[in-house]
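Chain residues, written in single-letter form:
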Amino acid sequence: DEAEKGGVDITVITTRISILESIGLAAGALLGGLVSGLGGRYEGNLLTNIAICTILFFLTLLYIHEPLRARTPLKRHENQKTIMVQVKSSLAFIWEKGPARPLFLLVFVMGFSLLSIETYWQPGFAQARPAQWMYGVLSFAGFACVMIGSKLAEHLLTRYKNSGFFLLLATKAFFGI
């Protein structure tokens, strides 16, 4: 990696990116919860989204300028012939011995866990009839936990240098199952 060649710890970089993304999502969730109180349940968020996209469109037209380039035809790689070739190649990779198989299994199980949480928490929360902005606060809290987890992961990965894969499997198994 170029970061490691430059003497920068990749763990610090990925933690910083994860935290910055989570800050943006958390702020958006909190603001979205507050804006949802304007008008009906979705009108405030929809109008805010339309306004921001319109502003971004005109700012892009105004400030982003790139010279036109001649288009060159893309050459297809042999693995890009069909989607089925890609699917077969991916499945073959997953079933090989090594870290891909348990990692895929844990990600798959974690996905189903998150699906069930997302399917049932919101209707359960809605039965309490909270104010609309509470949905934003709840989502904000989830992203705040992601930020805390990212910082904890950085600490663990810095402390236990060569245990990254084991820590990943252990945390996915603990939180996903």
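Residues numbered from 1 in each chain as written. Predicted model: local features only at pLDDT ≥ 70, side-chain atom pairs only at ≥ 80, totals over all residues. Heavy atoms only, no water.

### A word on the pattern of salt bridges
Stage number 1. Scanning all chains against the criterion turns up one salt bridge.
Stage number 2. Between Glu-154 and Lys-151 there is a salt bridge whose closest N-O contact spans 2.8 Å. Taken together, the residues span about one helical turn, with Glu-154 and Lys-151 both in helix 6 (residues 133–159) at a distance of three residues. (Salt bridge = Lys/Arg side-chain N within 4 Å of Asp/Glu carboxyl O. Helix = DSSP H or I, 4+ residues; strand = E, 2+ residues; numbered from the N terminus.)

### Thoughts on helix 6
Stage number 1. Its 27 residues give helix 6 an end-to-end C-alpha distance of 39 Å, which sits within 8% of 39 Å, the value for a rise of 1.5 Å per residue.
Stage number 2. All of the buried residues in helix 6 are Tyr-135, Gly-136, Met-147, Ser-150 and Glu-154.
Stage number 3. Tucked into the core, helix 6 has its buried residues touching helix 2 (10–35) and helix 5 (100–126). (Expected span 1.5 Å × (residues − 1). Buried < 20%, exposed > 50% of the residue type's maximum accessible area, 1.4 Å probe, protein only. Contact = heavy atoms within 4.5 Å.)

### A short note on the confidence of the model for the protein
Stage number 1. Averaged over every residue, the pLDDT of the protein is 78; residues scoring 70 or more account for 86%.
Stage number 2. Within the protein, helix 3 (residues 43–63) carries the highest mean pLDDT (90), whereas helix 1 (residues 2–5) carries the lowest (64). (pLDDT = per-residue confidence, 0-100.)

### A short note on the layout of surface pockets
Stage number 1. By volume, the second largest pocket amounts to about 220 Å³.
Stage number 2. Contributing to the lining of the second largest pocket are 13 residues, with Gly-32, Gly-33, Ser-36, Asn-45 and Tyr-135 lying nearest its centre.
Stage number 3. Elements with a minimum of two residues in the lining of the second largest pocket: helix 2 and helix 6.
Stage number 4. Looking at the lining of the second largest pocket, the element that brings in the most residues is helix 2, giving four residues. (1 Å grid on protein atoms, 1.4 Å probe; cavity = no way out; pocket = protein on both sides within 12 Å on 5 of 7 lines; lining within 4 Å. Points joined across faces, edges and corners; volume = space filled by probe spheres on them.)

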